[in-house]
Amino acid sequence: MKSKVIKGLYIGTFGLFSLLLILLMVSLLLRKSMMQPIETSVNRLLETISPSYLASTILFIGATFVGFLNALLLPPTSRNEVEKIILPIAFISFSFLIMPNIINYLLILHLYEISFSFLVRLYLFAAYFSFALLVVSGIFSLGINSSKMGRYILLVGVLALYVTNMMRLDVASFPQQSLKWTDSLMFISTLSVIAIVSILNYWAIYARESTQHNMLKAIRIMLILIGIMGFISFPESIVSLVSVGIYTVGVFFGLSRRRFNQL
């Protein structure tokens, strides 16, 4: 009973957080759609926001919550032991990847009390931490003793925090251009390397044990990572919407828990 209460609080808290994020994005989208042709500072800010990016952000939040819920409710079998622990944490981290639009919202409301540099470092940390968690998930799924998983998650978190704090930021000059917040080439290339390692880990699991379950799991992780990379790499573009579509397909790829459990 106690574990069910804790799980319910876990789901409820993240559900409320996701709902708040969706409401903020819908508010931005409504402001954009009802914008009057008047020369104001707010309108100038709104003009730079892509409606497709706002739509993709709303879809991204919804898909992320579905992925979190599905991962948390996976059947308690040995096949799902690693994913039940790591994937909910990874999906929570994914939710912070909408930070560019959170900063847009703060700019429009002239809320400068919150440090933008802190929010950007949170965004960078979430990207590195979540991607590295999927690498850890693949490594432990290959057969490493799962009793050490907590140490690896903590180690990955510390490393991600260290890397994030070492990165040079320039938020003040480009508050609405997330790719200019730091060295975009280094950021995108390192994330891509981590994503490739994670995908290769899951395909290695399939190569070692060529079951339909492992193949579908590898495809799912690949679609999720490709979708997120596109969402991060092409903000303010229709590509972000296409990328979130790929991400959503990857998330829903694992919804049939009974089918996955029987493969």
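Note that this is a predicted model, so its numbers are computed, not measured.

Turning to the layout of surface pockets, a few remarks are in order. Approximately 160 Å³ is the volume attributed to the second largest pocket. Lining the second largest pocket we find Tyr 128, Phe 129, Ala 132, Leu 155, Val 156, Leu 159, Ala 160, Val 163 and Ile 194. Put simply, the parts of the chain that give the lining of the second largest pocket at least two residues each are helix H6 (116–141) and helix H7 (149–166). In terms of residue count, the dominant contributor to the lining of the second largest pocket is H7 (five residues).

This part is about H6. Taking 1.5 Å of rise per residue, 26 residues should cover 38 Å, and H6 covers 37 Å from first to last C-alpha, within 8% of that figure. Counting buried positions along H6 yields 20 of 26 residues, so the element is predominantly enclosed. The opening residue of H6 is Ser 115, an N-cap whose side-chain oxygen sits 3.4 Å from the backbone nitrogen of Ser 117.

Bringing the packing of aromatic side chains into the picture now. Considering all chains together, one arrives at 18 aromatic pairs under this definition. When the centroid spacing of 6.2 Å and the interplanar angle of 80° are considered together, the rings of Phe 94 and Tyr 247 count as edge-to-face. With Phe 94 in helix H4 (residues 81–94) and Tyr 247 in helix H10 (residues 238–252), the pair connects residues that are 153 residues apart, well separated along the chain. Of the residues examined, Phe 94 reaches a relative accessible area of 1% and is grouped as buried. Its relative accessible area of 0% is what places Tyr 247 among the buried residues. On the numbers, 5.7 Å between centres and 85° between planes, the contact of Trp 203 with Tyr 206 is edge-to-face. A residue pair is termed a helical-turn pair when its members lie 3 or 4 positions apart in one helix, as Trp 203 and Tyr 206 do in helix H8 (residues 184–208) at three residues. Each member of the aromatic cluster is reached from another via a ring pair, and the members are Tyr 10, Phe 14, Phe 17, Phe 65, Phe 68 and Phe 96.

Turning our attention to empty space enclosed by the protein. Counted according to the given criterion, the structure contains two cavities of 30 Å³ or more. By volume, the second largest cavity is sized at about 40 Å³. Every residue lining the second largest cavity is listed: Tyr 53, Pro 100, Asn 104, Pro 175, Gln 176, Ser 178, Pro 235 and Glu 236. Grouping the constituent residues of the lining of the second largest cavity by class yields four nonpolar, three polar and one charged.

Between H6 and H7, whose axes approach to 9 Å, the crossing angle comes to 150°. Pair H6 / H7 crosses with right-handed handedness. Contacts between H6 and H7 pair Arg 121, Leu 124, Phe 125, Tyr 128, Phe 129, Ala 132, Leu 133, Val 136 and Phe 140 from the former with Met 149, Tyr 152, Ile 153, Val 156, Gly 157, Ala 160, Leu 161, Val 163, Thr 164 and Asn 165 from the latter.

The next subject is the packing of H6 against helix H9 (residues 212–233). At a minimum axis distance of 12 Å, the contact between H6 and H9 shows a crossing angle of 165°. By the angle between their axes, H6 is roughly antiparallel relative to H9. At the point where H6 passes H9, the crossing takes the left-handed sense. Each of Tyr 123, Ala 127, Phe 131 and Leu 134 in H6 lies in contact with H9, whose residues at this interface are Ile 221, Leu 225, Ile 228, Met 229 and Ile 232.

Between its first and last C-alpha, H4 extends 21 Å over 14 residues, near the 20 Å set by a 1.5 Å rise per residue. When the local axis directions of H4 are compared, the greatest deviation, roughly 30°, occurs at Leu 87, which is followed within four positions by the proline Pro 88. Residues Val 82, Glu 83, Ile 86, Leu 87, Pro 88, Ala 90, Phe 91, Ser 93 and Phe 94 constitute the buried set of H4.

Let's shift gears to the confidence of the model for the protein chain. In the predicted model, the protein chain carries a mean pLDDT of 86, and the fraction of residues at 70 or more is 89%. Considering only residues more than four positions removed or in separate chains, one finds that residues 256–263, a stretch of pLDDT under 50, has 21 contacts.

Rules and cut-offs
Residues numbered from 1 in each chain as written. Predicted model: local features only at pLDDT ≥ 70, side-chain atom pairs only at ≥ 80, totals over all residues. Heavy atoms only, no water. 1 Å grid on protein atoms, 1.4 Å probe; cavity = no way out; pocket = protein on both sides within 12 Å on 5 of 7 lines; lining within 4 Å. Points joined across faces, edges and corners; volume = space filled by probe spheres on them. Helix = DSSP H or I, 4+ residues; strand = E, 2+ residues; numbered from the N terminus. Expected span 1.5 Å × (residues − 1). Buried < 20%, exposed > 50% of the residue type's maximum accessible area, 1.4 Å probe, protein only. Polar contact = N/O pair within 3.5 Å; in protein donor to acceptor, adjacent residues only side chain to side chain. Phe/Tyr/Trp six-rings, centres within 6.5 Å; stacked < 30°, edge-to-face > 60°. Nonpolar A, V, L, I, M, F, W, Y, C, P; charged D, E, K, R; others polar. Axes fitted to C-alpha atoms, helices over the stretch in contact; angles between N-to-C directions. Left-handed = near helix turned anticlockwise from the far one by under 90°. Contact = heavy atoms within 4.5 Å. Parallel < 35°, antiparallel > 145°, perpendicular 65-115°, else oblique. Bend = angle between axes of the 7 residues up to and from the residue. pLDDT = per-residue confidence, 0-100.

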